[in-house]
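Here is how the chains run, residue by residue.
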Amino acid sequence: MTGQYYFKMHKITLNDLLSRVNLKTPLLRVAQEVTKSYKLGEVEAMDPMEVGYEELNNLLTTSQGKYVVKIFSKHKDKSTINSNVTAISNFYEGGIPVPKLYKNFQGHYLYELETSPGTYLIVMDYFDGQKFTEIPPTTEDIQNMTKFLARIHTLSFPTHTNYDMWLTINLPQEFTNKKRYLSLDDLALTQRIVDKLARIDFSQLSKSIVHFDLHRENAMKNKRGKYCILDLASCDYNYTVFDLGTFIALFCLDPINNPSASRLIYKSVIETYLKSRSLSKYELSVLPTIIKATYASNLLIPTFLQKTNQDENPQQTIYYQSLGQKGLQILQSKKI
């Protein structure tokens, strides 16, 4: 990856990847069991992928093609896993560009490994594209992704909340627990934002299905111009405007490399979104605060990870910390 915007991925070892799951058998044996259960032909290769942070994603190559085998984290219970699978299938059926799921011989998407009881996986199409951390989104990309987000907000299916300390909705709680790790300047700035967030009248906010984590690393585009949205682990039924604020902050705006374009990008996103789904005047009025809170979360959590020696990817952590700081700066200067 090149350029100021991009960050280099910390080198992840095979042991790092395998430590995410609870396998009791070699990956080749897993590949053989999966191809048999899902009727995918003969195994040619099973290669772990560095993408993802909790799950073990593998590129499975068979005589029939390429697939992604996602083995779920050993720390996730079955309710959380089922919710993730439900979200993917409902997104796909709702016209959202997510990978197609495959059913096993029992007619289910989710499969429990016979050789590693308690370990669950799914099989999806392999999407050969680039993340938007590798190719910055164009104006057209931002508009198209905005339309997808608006469509997500019209879906309806049961969800299971999966707590994530990075999510903007959790900033007040995380700030209370982690504020001692901030510098005095960052503490004062973040405190003001948390106070503004606390003054929001949540009774005036609408709820919908939300992705909650749609940033540039969780979306891809291929050479044919097709898109793919990734990582539905945080998908929930929650406040719509928080999902939109996260998306604007972490996908649309580029406070590191192009802060001067923030106002125009913001205006374009809102205009595009409102053509598909309405927001109240009150929701629009609190949206800048939620965007600011998203940047505050991206300042708080990386700082906490650094100070407590829990930083598994220093380059990436520094990037998000910088994104949080720069994002707060453009909002302080009223660029939107």
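Residues numbered from 1 in each chain as written. Predicted model: local features only at pLDDT ≥ 70, side-chain atom pairs only at ≥ 80, totals over all residues. Heavy atoms only, no water.

1. As for the overall build of the chain
Scanning the chain from terminus to terminus reveals 10 helices and 10 strands. Since a compact globule built from 336 residues should have a radius of gyration of about 20 Å, the 20 Å found for the chain is in line with a globular shape. In terms of overall dimensions, the chain has a C-alpha envelope of 60 × 45 × 40 Å along the principal axes. Counting only residues that meet the buried cut, the chain has 54% of its 336 residues in that class. Within the chain, contacts between residues separated by at least 24 positions form 72% of all contacts whose residues are at least 6 apart in sequence. Here the chain displays about 15700 Å² of accessible surface, and carbon together with sulfur accounts for 49% of that area. Where the 39 positive side-chain charges of the chain centre and where its 33 negative ones centre are 5 Å apart. (Helix = DSSP H or I, 4+ residues; strand = E, 2+ residues; numbered from the N terminus. Rg over C-alpha atoms; globule rule 2.2 N^0.38 Å. Buried < 20%, exposed > 50% of the residue type's maximum accessible area, 1.4 Å probe, protein only. Contact = heavy atoms within 4.5 Å. Areas by Shrake-Rupley, 256 points an atom, 1.4 Å probe, with all protein chains shown as cover. Lys, Arg positive; Asp, Glu negative; His and termini not counted. Charge placed at Lys NZ, Arg CZ, Asp CG, Glu CD.)

2. Looking at unusual backbone geometry
We note that Lys39 has phi near 55 degrees; this positive angle belongs to a residue other than glycine. By the element assignment, Lys39 lies in the loop between helix H2 (27-38) and strand S1 (43-48). Residue Lys39 is classed as exposed on the basis of its relative accessible area of 63%. Backbone geometry places Asn309, a non-glycine residue, at a positive phi of 55 degrees. Following the sequence through the fold, Asn309 ends up in the loop between helix H9 (281-307) and helix H10 (314-332). Among the residues examined, Asn309 registers a relative accessible area of 72% and is labelled exposed.

3. Focus: the confidence of the model for the chain
Across the chain, pLDDT averages 92, with 95% of residues at or above 70. Low pLDDT, under 50, characterises residues 1-10; the stretch is placed with 33 contacts to residues that sit more than four places away or in other chains. (pLDDT = per-residue confidence, 0-100.)

4. Some details on the sheet that holds strand S9 (residues 227-229)
Taken in spatial order, the 3 strands line up as S6-S8-S9 in an open sheet, and their pairing is antiparallel. Edge positions in the open sheet fall to strand S6 (130-131) and S9, since each of these has one partner strand only. Here helix H4 (residues 139-152) sits on the sheet in contact with strand S8 (219-221) and S9, set at roughly 50 degrees to S9. (Pairing = 2+ DSSP bridges. Axes fitted to C-alpha atoms, helices over the stretch in contact; angles between N-to-C directions.)

5. Some details on the packing of aromatic side chains
What the rule picks out here adds up to 13 aromatic pairs. An aromatic cluster of three or more residues is present, and its members are Phe132, Phe148, Tyr227, Phe247 and Phe251. The cationic tip of Lys178 hangs over the ring face of Phe304; the distance from NZ or CZ to the ring centre is 4.7 Å. Positioned above the aromatic ring of Tyr239, the side-chain terminus of Lys207 is 4.9 Å from the ring centre. (Phe/Tyr/Trp six-rings, centres within 6.5 Å; stacked < 30°, edge-to-face > 60°. Lys NZ or Arg CZ within 6 Å of the ring centre and 35° of its normal.)

6. A closer look at the sheet that holds strand S5 (residues 120-125)
Within the open sheet, the 5 strands sit side by side as S1-S2-S3-S5-S4. Their pairing is antiparallel. Each edge of the open sheet is held by one strand with a lone partner, namely S1 and strand S4 (111-112). One ladder, built from 5 bridges, connects strand S3 (residues 65-71) with S5; its direction is antiparallel. Across the sheet, Tyr67 pairs through a bridge with Asp125, a residue of S5. Packing against the sheet, H2 makes contact with S1, strand S2 (56-62), S3, S4 and S5, and its axis sits at approximately 125 degrees to S1.

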